[in-house]
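Inside the fold
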2 protein chains.
Amino acid sequence: MATKQPVRRRGRPSKNLLGPKENRERLIRAGVVSLTEKGFVATGLLELLQSVDVPKGSFYHYFESKEAFGLEVLASYDSYFVRKLDRWLLDNTRPPVERLRDFIEDAKVGMVRHRFRRGCLVGNLGQELASLPPSYVRRLRLTFAGWELRVARCLADRHSRRTELTDAEDARAAAFFWIGWEGAVLRARLERDVMPLELFAERFLDQI
Amino acid sequence: MATKQPVRRRGRPSKNLLGPKENRERLIRAGVVSLTEKGFVATGLLELLQSVDVPKGSFYHYFESKEAFGLEVLASYDSYFVRKLDRWLLDNTRPPVERLRDFIEDAKVGMVRHRFRRGCLVGNLGQELASLPPSYVRRLRLTFAGWELRVARCLADRHSRRTELTDAEDARAAAFFWIGWEGAVLRARLERDVMPLELFAERFLDQI
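This structure is a prediction, so every number in the text was calculated from the model and none was measured.

1. Describing the side chain of Arg189(A)
Mapped onto the elements of the fold, Arg189(A) is located in helix H8 (residues 164-191). Among the polar contacts listed, one links the side chain of Arg189(A) to the backbone oxygen of Glu37(A), at a separation of 2.8 Å. Those residues in contact with Arg189(A), other than ones at most four positions away along the chain, are Thr36(A), Glu37(A), Met111(A), Phe116(A), Arg117(A), Arg118(A), Gly119(A), Asn124(A), Gln127(B), Leu129(B) and Ala130(B).

As structure tokens, then:
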């Protein structure tokens, strides 16, 4: 049974027949990619809208400002990243240090897959602080705090008996991990090589 | 004896009576500050010219392009930074590990003095790779290689007898140092606190 074709108007057809909610989601997803590759300042709204085929000028229909948009992009990246961390670090079938190693391996694969074009969105924004709205500082700090907590909890699983002392040491090791890991991601992009990730990870895992 | 005052014209007097060489130097110095605080993309040439009172539109009299300007700024920062490193790391009156500690202390003081507004110019550019001219990649890699060499040499001074093995290990430790240090500078800016620098430095120095 043949269905009647809709009448096509002349000219380039608009591909975007999606509702406001879908367009909003697509803008956030495109924002995650752009902020991960280029950062906040270099992300142009026009280019972003074009990339997801949303009409120019409708940005403020979806978001109050570039500042508000960036905060939603950051929240979206954080929740994606926390899910990824939990997938690896809460895997009770693996010893704690191996779980961390699994996360690191997955990150290496990800950087290679994106041909070292993408860094860490949170690291990128951290480096751009001088150009960011003040509201971002608190959000970025909270993000790192959440990631640190997850690594600290994983490290705590190594101890048959946790004490205040082991908890404090695990918290410090977790803080050290994220300090160095952001540096390693930066260098891996520059060298276009996983070597900095491996070098940092090996020495870190050796000493805990 | 009273000297005759020069006739003042109306309006804001032009303060800039310097020659082309001086203006060029001042633009580079202002560029170092701006790239250290904000990075390459967020550095506006107009703002830069205004900050050193060089007439708008005369930028291309001094530099071929923003790309060429950035490379000179990077070279200027590198030579300043290498002098700083050599001052601390070649100080034979101090044990090698103390020399590294001295450099770290100096860096901490510097970050506090600039109220955590300034990061590492090389780290900033590393994070902006996607938006930088391709010529920057090689230059940034060479810069890190030079810094690594200096730390590796300092670490080598710990051994009464150097071997291929100790040299390889010192090179790896030096690479690890710069990977983590860039991450620590990033986090210190975000937290507006020297804690990340101290945490990274202590654990690094403990394990070498």
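2. Let's talk about the side chain of Arg187(B)
One can find Arg187(B) in helix H8 (residues 164-191). Using a relative accessible area of 4% as the deciding quantity, one classes Arg187(B) as buried. Those residues in contact with Arg187(B), other than ones at most four positions away along the chain, are Phe144(A), Glu148(A), Trp178(A), Ile179(A) and Pro196(B).

3. Overview of the relation of the copies chain A and chain B
Least-squares fitting of chain A to chain B yields an RMSD of 0.0 Å, with the superposition described by an axial translation of 0.0 Å and a rotation of 180°. Such a combination of rotation and displacement between the chain copies is what one expects of a two-fold axis. Here 100% of the contact residues of chain A are again contact residues in chain B; the copies associate through an equivalent surface.

4. Details of the pattern of salt bridges
This structure, assessed with the given rule, holds 40 salt bridges over all chains. Measuring nitrogen to oxygen at the nearest pair gives 3.1 Å for the salt bridge that ties Lys84(A) to Asp106(A). Residue Lys84(A) is located in helix H4 (residues 66-89), and its partner Asp106(A) is located in helix H5 (residues 96-113); the two are separated by 22 residues in the primary sequence. Taking the shortest distance from any N to any O, the salt bridge between Glu202(A) and Arg172(B) comes out at 3.3 Å. Here Glu202(A), found in helix H9 (residues 195-207), pairs with Arg172(B), found in helix H8, and the two come from separate chains. Where salt bridges share partners, they join Arg94(A), Glu98(A), Arg101(A) and Asp102(A) into one cluster.

5. Description of unusual backbone geometry
Residues other than glycine seldom take positive phi values, yet Arg192(A) does so here, at roughly 50°. Relative to the helices and strands, Arg192(A) resides in the loop between H8 and H9.

6. Re the environment of Gly183(B)
Residue and element names in this part refer to chain B. Residue placement: Gly-183 occurs in helix H8. Classification of Gly-183 as buried rests on a relative accessible area of 0%. For the pair Gly-183 and Leu-46, spaced 137 residues apart in sequence, the C-alpha separation works out to 31 Å.

7. Regarding the interface of chain A and chain B
With 41 residues of chain A at the interface, the matching set in chain B holds 41 residues. Roughly 3800 Å² of surface becomes buried between chain A and chain B when both sides are summed, with 60% attributable to carbon and sulfur atoms. Among the residues chain A hides against chain B, the three largest losses belong to Gln127(A), Ile179(A) and Arg203(A). Together they make up 21% of the total. Viewed at the interface, chain B and chain A are joined by eight salt bridges. For Arg187(B), the salt bridge goes to Glu148(A), with nearest N and O atoms at 3.0 Å. Inspection of the region where chain A meets chain B yields 12 residue pairs in polar contact (both at pLDDT 80 or more). With 15 residues, H8(A) is the largest single contributor of residues to the side of chain A that touches chain B. In the side of chain A that touches chain B, the residues fall into 21 nonpolar, eight polar and 12 charged.

8. Thoughts on the packing of H5(A) against H9(A)
All names here are of chain A. One way to put it is that H5 packs onto H9 with a least axis distance of 11 Å and a crossing angle of 175°. Classed by the angle they form, the pair H5 and H9 counts as roughly antiparallel. Between H5 and H9, the residues in contact are Val-97, Leu-100, Arg-101, Ile-104, Lys-108 and Met-111 and Leu-197, Glu-198, Ala-201, Phe-204 and Leu-205, respectively.

9. Comments concerning the nonpolar core
Nonpolar side chains in soluble globular proteins tend to be buried together. Judged by nonpolar contacts, the single largest core of 123 residues is most densely connected at Trp147(A), Trp178(A), Trp181(A), Trp147(B), Trp178(B) and Trp181(B). Residues in contact with Trp181(A), not counting those within four places in the same chain, are Phe103(A), Ile104(A), Ala107(A), Leu197(A) and Phe200(A).

Criteria and cut-off values
- Residues numbered from 1 in each chain as written.
- Chains lettered and ligands numbered in written order.
- Predicted model: local features only at pLDDT ≥ 70, side-chain atom pairs only at ≥ 80, totals over all residues.
- Heavy atoms only, no water.
- Helix = DSSP H or I, 4+ residues; strand = E, 2+ residues; numbered from the N terminus.
- Polar contact = N/O pair within 3.5 Å; in protein donor to acceptor, adjacent residues only side chain to side chain.
- Contact = heavy atoms within 4.5 Å.
- Buried < 20%, exposed > 50% of the residue type's maximum accessible area, 1.4 Å probe, protein only.
- Least-squares fit on C-alpha atoms with pLDDT ≥ 70 in both.
- Salt bridge = Lys/Arg side-chain N within 4 Å of Asp/Glu carboxyl O.
- Buried area = accessible area lost by both parts, 1.4 Å probe.
- Nonpolar A, V, L, I, M, F, W, Y, C, P; charged D, E, K, R; others polar.
- Axes fitted to C-alpha atoms, helices over the stretch in contact; angles between N-to-C directions.
- Parallel < 35°, antiparallel > 145°, perpendicular 65-115°, else oblique.
- Core = buried A, V, L, I, M, F, W, Y, C linked by side-chain atoms within 4.5 Å.

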